[in-house]
Amino acid sequence: MALSYKFLLLCFLLIFVSPAIAQTSFRPKALVLPVLKNAAVFQYVTQIKQRTPLVPVKLVVHLGGNLLWVDCEKGYVSSTNKTARCGSAQCHLIGLVACGGGKCGDFPNNPISNTGTIGDIRIDVVSVQSTNGRNPGRGVTVPNFIFLCGSEFVLRGLAPGVTGIAALGRTKTALPLQLAAAFSLNRK
Ligand SMILES: *[C@@H]1O[C@H](CO)[C@@H](O)[C@H](O)[C@H]1NC(C)=O
């Protein structure tokens, strides 16, 4: 990159655990997210795959975030999208949420530009890469990942190409614990 961009590749090891029992279906030992530092805007950017068909989604890493959000206004197309209904297990997991038109919502926010809005809680497929601790492994898929729908204007100030925020906080709805629960990994 000849321009002022300087990318630093970091490996962000989320979860590392040895499997107790060999299973017929593939169960990852550990999952890995690539993290690039965008030095121009001082943000760390990761990438997951989401939706059906799967598409790459770039997200700014928010270490204290509770719930991943993406812009659902522009370019969100997925045959497996589901909306969380008020009173559902997904809405309960998130805690205090707004309820309107039978759907529950929460407040996607962007701590960089200090913008926020209200958006629907949604459920869709997410895919991340597994690893054996040394080499990248196959992609693994979570069919019912809970996330929040943001709007285009909330993306203001985020690194180019980014369409949301990956929440890496300690709550059950943040990315690490949703993945840990889906694959019965230790909470590390
Ligand atoms: C959500 O899924 C339904 C059912 O497959 C589909 O009809 C609808 O177009 C999808 N919405 C989006 C935004 O992809």
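Small disclaimer: the values here were computed from a predicted structure and weren't measured. (Residues numbered from 1 in each chain as written. Predicted model: local features only at pLDDT ≥ 70, side-chain atom pairs only at ≥ 80, totals over all residues. Heavy atoms only, no water.)

### With respect to the site of the ligand
Then, number 1: Tyr-76, Val-77, Ser-78, Ser-79 and Asn-81 make up every residue found near the ligand.
Then, number 2: For the ligand, an oxygen atom lies 2.8 Å from a polar atom in the backbone of Ser-78.
Then, number 3: In isolation the ligand offers 360 Å² of accessible surface; the protein chains occlude 44% of this area. (Near = heavy atom within 4 Å. Polar contact = N/O pair within 3.5 Å; in protein donor to acceptor, adjacent residues only side chain to side chain. Areas by Shrake-Rupley, 256 points an atom, 1.4 Å probe, with all protein chains shown as cover.)

### Examining the pairing of strand S11 (residues 119-131)
Then, number 1: Among the 13 residues that make up S11, eleven are buried, leaving the element largely enclosed by the rest of the structure.
Then, number 2: Here two bridges tie strand S3 (residues 43-50) to S11, and the two strands are oriented antiparallel to one another. Bridging across to S11, Lys-49 finds its partner in Ser-127.
Then, number 3: With two bridges joining them, strand S6 (residues 82-83) and S11 adopt antiparallel strand pairing. Note on S11: the bridge partner recorded for Thr-83 is Arg-122.
Then, number 4: Where strand S8 (residues 103-106) and S11 come together, two bridges link them in antiparallel fashion. In the sheet register, Gly-105 faces S11, and the bridge partner there is Asp-120.
Then, number 5: Hairpin remark: S11 followed by strand S12 (residues 136-150), antiparallel, with four residues in the connecting loop; positive phi at Gly-133, about 100°. (Buried < 20%, exposed > 50% of the residue type's maximum accessible area, 1.4 Å probe, protein only. Helix = DSSP H or I, 4+ residues; strand = E, 2+ residues; numbered from the N terminus. Pairing = 2+ DSSP bridges.)

### Considerations on the state of the cysteines
Then, number 1: Enumeration over the complete set of coordinates arrives at three disulfides.
Then, number 2: One disulfide in the model links Cys-72 with Cys-149; its S-S distance is 2.1 Å. On the sign convention where negative is left-handed, the bridge of Cys-72 and Cys-149, at about -75° about the S-S bond, is left-handed. Here Cys-72, found in the loop between strand S5 (69-71) and S6, pairs with Cys-149, found in strand S12; they are 77 residues apart in sequence, far enough to count as distant. In this pair, the class of Cys-72 matches that of Cys-149, namely buried.
Then, number 3: Cysteine pairing for the protein, with bonded cysteines counted in sequence order: 1-6, 2-4, 3-5. (Disulfide = S-S within 2.5 Å.)

### Regarding the confidence of the model for the protein
Then, number 1: Residues of the protein with pLDDT of at least 70 account for 87%, and the chain-wide mean is 87.
Then, number 2: Within the model, the stretch residues 1-24 combines pLDDT values under 50 with 48 contacts to residues more than four positions away or in other chains. (pLDDT = per-residue confidence, 0-100. Contact = heavy atoms within 4.5 Å.)

### Structural notes on the side chain of Gln-178
Then, number 1: Considering the arrangement of structural elements, one finds Gln-178 in helix H2 (residues 175-182).
Then, number 2: Gln-178 sits in the buried class, given a relative accessible area of 9%.
Then, number 3: Not counting residues up to four positions away in its chain, the partners in contact with Gln-178 are Leu-67, Asn-144, Phe-145, Ile-146, Lys-172 and Thr-173.

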